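# Observations on the three-dimensional arrangement
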Amino acid sequence: MNKVIEINHLTKHYGKHRGVLDISFHVNEGEIFGFLGPNGAGKSTTIRSMLGLIRFETGSIKILGKDIQKDKETILNEIGYMPSEAMFYPAMKVKDIIRMAADVRKKDCQQEAEKLCERLQVDVNKKISDLSLGNRKKVSIICAMQHKPKLFVFDEPTSGLDPLMQTEFFKLIREYVAGGATCMLSTHVLSEVKQHCKNVAIMKEGRLQCVDTVDNITKTSTKRIRMLRDGKQEDFIFKGDLNDLSKELVGHDIADILIEEPPLEEIFMHFYQE
Amino acid sequence: MFTIYKHEIKTYIKTLLIWFACVGGMGLMCILLFSSMQDSMEGMAESFASMGAFSDAFGMNQLSIATLTGFYATEIGTIHSLGGTMFAAIISTTMLSKEEDGHTSEFLFSLPISRSKVITAKWCASVTHILLFNVLCVGIYLLGITILGEEIAMKELLLYHVLQLMMQLELAAICYAISACSKKNKFGLGLGIVLLFYAYDLIARVIPALSDYKILSPFSYANAADILSTGTVLTEALLLGVGVLAGCICITYMVYTKKDLAA
């Protein structure tokens, strides 16, 4: 399977402050890849490095088989990026922003843009300064999708979108991915990852905590334990060998015990807080 | 690259028209008022020419304000040089920094266009606006002169406006480099630089000890009274201006192409 994104030992500092440290992972062609982590974990730094928006100290990034430091313009022509902050020139009209994004790519995207505007219910004659955050996000989605890129990079795409639009947005992503595109989805909404992503990377404090399939992560040795020990109700996440747990329980009065797969939310919280 | 250029031309078109209406309008008004003021100015011209440092600073020792050429040099020359350089400073100081100030840089730089091309497109847009401003202003001044039906030293007048254009481009390049270095719009700083150079030029014309250093200000080679009275160019100052312009554009490319997107 072709690797659309290949990041090897990426390290970036902002002066004395840590950005990301020794990040390595890859994203395969045709998948929706989840990118998770708390605020300040380094997700945006990784994405911005991938797009050549910031320079990094060590490591390498290949997008669609090309080096981002050498072929930035060619790579960006094949990427549809939606930043978390959907900001445009306030005095311009929506249609002018959409046309500007298409013109820079030297592509006629009118047909696709019209289709997207209709599905996302965007009024193209409105001025950007008159739009709410949700509507600016829709414009950002159109700018990212209208040229039918090979790779989508979305940074917190659904914040500000109403549930109907969120559903429409993921429908669109699935359609483009079915057509051969790849998608990297950075988000805080775990249900989105569970529902749409096959693989996921979890970041914390600038380091990569794990990269695996969503299924494998939920099937790890992490268990949710509920028990009545020595007359006290206990409820916690346990990660490790269950034999160690049984040894720990020797000598205690265990009236009841339930060992189960924890929900995805709890596993991620466990990674975040670990 | 042309898309960015076109975008910037559209963005600043209102600013251009407002500054043209103010500067060009004031210039035209002064020209049209000349005939009604000519009689009273004949009496004042001699006293204005013998006011020592004041006359030196404003060039009234070189030309009589009772003639259209002298009046143009002292009145329209001041309005145009200050107005033109302020306009150039405002558009150039905001041209690059407005992207980070308005949080639009992430949208712009995620498009398939390099930072070098953005610099080139935006600089070309600045130059186009400055050029248009001068063409429109000179056009309206010439219209005023034609309506007035007075004679003026045309060759010197055109030379003066070419040098004005050069001065505005030099100041625009300084402000463009400032724009490349800053994350916020600094048009206050741009205007401050213009006024500082203008004040320095006036002072250098009055204080003999500074006369050798007056070339440090771009206003020295684009002075209306000097050019309209002699028809010559202060070559040293002009060459220094060309050097400053080229240097500032190089600094802009060096700084801005190595800049990271603001966090």
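Residues numbered from 1 in each chain as written. Chains lettered and ligands numbered in written order. Predicted model: local features only at pLDDT ≥ 70, side-chain atom pairs only at ≥ 80, totals over all residues. Heavy atoms only, no water.

## So, the overall build of chain A
Put simply, the test is: Secondary structure follows DSSP: runs of H or I at least 4 residues long count as helices, runs of E at least 2 residues long count as strands, and numbering of each begins at the N terminus. Here's how the labels work: a residue is buried when its accessible area is under 20% of the maximum for its type, exposed when over 50%, partly exposed in between, all with a 1.4 Å probe on protein chains only. Residues count as neighbours in contact if any of their non-hydrogen atoms are within 4.5 Å of one another. Using the Shrake-Rupley algorithm and a 1.4 Å probe, accessible areas are obtained, with residue cover drawn only from the displayed protein chains. We count Lys and Arg on the positive side and Asp and Glu on the negative side, and we leave His and both chain ends out. Lys charges are placed at NZ, Arg charges at CZ, Asp charges at CG and Glu charges at CD.
Looking only at helices and strands, chain A features 10 helices and 13 strands. Considering chain A as a whole, with its 274 residues, one finds that 49% of them fall into the buried category. Looking at chain A alone, contacts between residues at least 24 apart form 68% of all its contacts between residues at least 6 apart. Working note: accessible area of chain A is about 13000 Å², and carbon and sulfur atoms make up 48% of it. Measuring between centres, the 40 positive side-chain charges of chain A sit 6 Å from its 40 negative side-chain charges.

## Digging into the sheet that holds strand S2 (residues 17-28) of chain A
Residues and elements named next belong to chain A. What counts here: What makes two strands pair is DSSP finding at least two bridges between them. Where helices are involved, their axes are fitted lines through C-alpha atoms of the stretch in contact, as for all axes, and angles between N-to-C directions lie from 0 to 180°.
The antiparallel open sheet is built from 4 strands, whose spatial order is S2-S1-S4-S5. With one partner strand each, in any of the chains shown, S2 and strand S5 (66-67) form the two edges of the open sheet. In terms of strand pairing, strand S1 (residues 3-14) meets strand S4 (residues 58-63) through 5 bridges, oriented antiparallel. Looking across to S4, one finds that Ile 7 is bridged to Ile 61. Lying over the sheet, helix H1 (residues 43-50) contacts S1, S2 and S4, oriented at roughly 115 degrees with respect to S1.

## Topic: the interface of chain B and chain A
Inclusion rule: Values labelled buried area give the accessible surface lost by two parts on being combined, using a 1.4 Å probe and summing over both. The salt bridge definition used is simple: a Lys or Arg side-chain nitrogen within 4 Å of an Asp or Glu carboxyl oxygen. Here a polar contact is recorded for every N or O atom pair within 3.5 Å, except that within protein the pair must consist of a potential hydrogen donor and a potential acceptor, and residues adjacent in sequence are included only if both atoms are side-chain atoms. Residues are grouped as follows: Ala, Val, Leu, Ile, Met, Phe, Trp, Tyr, Cys and Pro are nonpolar; Asp, Glu, Lys and Arg are charged; every other residue, Gly included, is polar.
Of the residues lining the interface, 23 residues belong to chain B; the matching set on chain A comes to 22 residues. Approximately 2400 Å² of surface area, both sides summed, lies buried where chain B meets chain A, with 58% of it carried by carbon and sulfur atoms. Taken as a group, Glu 106, Phe 107 and Pro 112 of chain B account for 29% of the area that chain B buries against chain A, more than any other trio of residues on that side. Along the contact surface separating chain B from chain A lie 4 salt bridges. With a shortest N-O distance of 3.0 Å, Glu 73 of chain A and Lys 117 of chain B are connected by a salt bridge. Applying the counting criterion to the chain B and chain A interface returns 8 residue pairs in polar contact (both at pLDDT 80 or more). Among the elements of the structure, helix H1 (2-11) and helix H6 (105-109) of chain B are those that each provide at least two residues to the side of chain B that touches chain A. In the side of chain B that touches chain A, the residues fall into 10 nonpolar, 7 polar and 6 charged.

## Looking at the pattern of salt bridges
Considering all chains together, one arrives at 21 salt bridges over all chains under this definition. Notably, a salt bridge pairs Arg 48 of chain A with Glu 106 of chain B, separated by 3.3 Å at the nearest N-O pair. With Arg 48 of chain A in helix H1 and Glu 106 of chain B in helix H6, the pair connects residues from two separate chains. With a closest N to O distance of 2.8 Å, Arg 119 of chain A and Glu 175 of chain A form a salt bridge. Taken together, the positions of Arg 119 of chain A in helix H4 (residues 110-120) and Glu 175 of chain A in helix H6 (residues 163-178) put the pair 56 residues apart, joining distant regions of the chain. The class of Arg 119 of chain A is partly exposed, set by a relative accessible area of 22%. Here Glu 175 of chain A falls in the partly exposed class, since its relative accessible area comes to 39%. Taken together, the salt bridges that share partners define one network made up of Arg 119, Glu 168, Lys 171 and Glu 175 of chain A.

## So, the side chain of Arg 224 of chain A
Residue and element names in this part refer to chain A. Relative to the assigned elements, Arg 224 resides in strand S11 (residues 222-229). Residue Arg 224 is classed as buried on the basis of its relative accessible area, which comes to 12%. A polar contact is formed between the side chain of Arg 224 and the side chain of Asp 235, at a distance of 3.2 Å.

## Comments concerning the pairing of strand S6 (residues 79-82) of chain A
Within a regular beta strand, the side chains point alternately toward one face of the sheet and then the other, so they alternate between its two faces. Residue and element names in this part refer to chain A. Along S6, one buried face is formed by Ile 79 and Tyr 81 and the opposite face, lined by Gly 80 and Met 82, is buried too. Two strands pair when backbone bridges link them, and S6 and strand S7 (residues 151-155) are joined in this way by 4 bridges, in the parallel orientation. The residue bridging Gly 80 from the neighbouring strand is Phe 152, located in S7.

## Quick word on helix H3 (residues 94-104) of chain A
Residues of H3 of chain A that are buried: Val 94, Ile 97, Ile 98, Met 100, Ala 101, Ala 102 and Val 104 of chain A. Where H3 of chain A is buried, its residues meet H4 and helix H5 (133-145) of chain A together with H1 and H6 of chain B. One or two residues past the end of H3 of chain A sits Lys 106 of chain A, with phi positive at roughly 55 degrees.

## Details of the packing of aromatic side chains
One pair of aromatic rings is described through two measures. These are the centre distance and the angle between the planes. Operational definition: Classification of ring pairs rests on two measures: the distance between centres of Phe, Tyr or Trp rings, Trp counted by its six-membered ring, which must be within 6.5 Å, and the angle between planes, read as stacked under 30 degrees, edge-to-face over 60 and tilted in between. A ring is scored as having a charge over it whenever the NZ atom of a lysine or the CZ atom of an arginine sits within 6 Å of its centre and within 35 degrees of its normal.
Across all of its chains, the model carries 16 aromatic pairs over all chains by this definition. The cationic tip of Arg 115 of chain B hangs over the ring face of Phe 109 of chain B; the distance from NZ or CZ to the ring centre is 4.1 Å.

## A closer look at unusual backbone geometry
All names here are of chain A. Positive phi values are uncommon outside glycine, yet Leu 64 reaches one of about 55 degrees. Residue position: Leu 64 is located in the loop between S4 and S5. Although it is not a glycine, Gln 121 sits at a positive phi angle of roughly 55 degrees.

## Considerations on a nonpolar patch on the surface
Residue and element names in this part refer to chain B. Inclusion rule: Each patch is built from residues that are more than 30% exposed by relative accessible area and take part in no salt bridge. Like charges join if they lie within 9 Å; nonpolar side chains (Val, Leu, Ile, Met, Phe, Trp, Tyr) join within 5 Å.
Together, Ile 13, Leu 17, Leu 132 and Leu 136 line one region of the surface with nonpolar side chains, adding up to about 300 Å² of accessible area. Sorting the residues of the nonpolar patch by element identifies helix H2 (13-49) and helix H7 (115-148) as the ones contributing at least two each. The class for Leu 132 is partly exposed, based on a relative accessible area of 34%.

## Considering the packing of H7 of chain B against helix H8 (residues 154-181) of chain B
The relative placement of two packed helices is expressed as an angle between their axes plus a distance between the axes. Residues and elements named next belong to chain B. Heads up, the condition is: When an angle is under 35 degrees it counts as roughly parallel; over 145 it counts as roughly antiparallel; between 65 and 115 it counts as roughly perpendicular; any other value is oblique. For any helix crossing, the convention is left-handed if the near helix is rotated counterclockwise from the far helix by under a right angle, and right-handed if that rotation is clockwise.
The contact between H7 and H8 brings their axes to 11 Å, and the two run at 150 degrees. The angle between H7 and H8 falls in the class roughly antiparallel. Here H7 runs over H8; the crossing is right-handed. The class makeup of the residues in the contact of H7 with H8 is 17 nonpolar, 4 polar and 1 charged.

## Side note on the side chain of Lys 137 of chain A
Residue and element names in this part refer to chain A. Residue placement: Lys 137 occurs in helix H5. No salt bridge is formed by the buried Lys 137; the nearest opposite charge belongs to Glu 156, separated by 6.1 Å. Once you skip the residues sitting within four places of it in the chain, Lys 137 turns out to touch Met 82, Pro 83, Ser 84, Ala 86, Asp 155, Glu 156, Pro 157, Ser 159 and Leu 161.

## Topic: the sheet that holds strand S12 (residues 232-239) of chain A
Residue and element names in this part refer to chain A. Read from one edge of the open sheet, 3 strands run S12-S11-S13, paired in antiparallel fashion. Both edges of this open sheet fall to S12 and strand S13 (254-260), since each of them pairs with a single strand only. Averaged over all neighbouring strand pairs, the angle between strand axes comes to 15 degrees, with direction disregarded. Pairing analysis gives 6 bridges linking S11 to S13, with the strands arranged antiparallel. Note that in S13 the partner of Arg 229 across the bridge is Ile 254.

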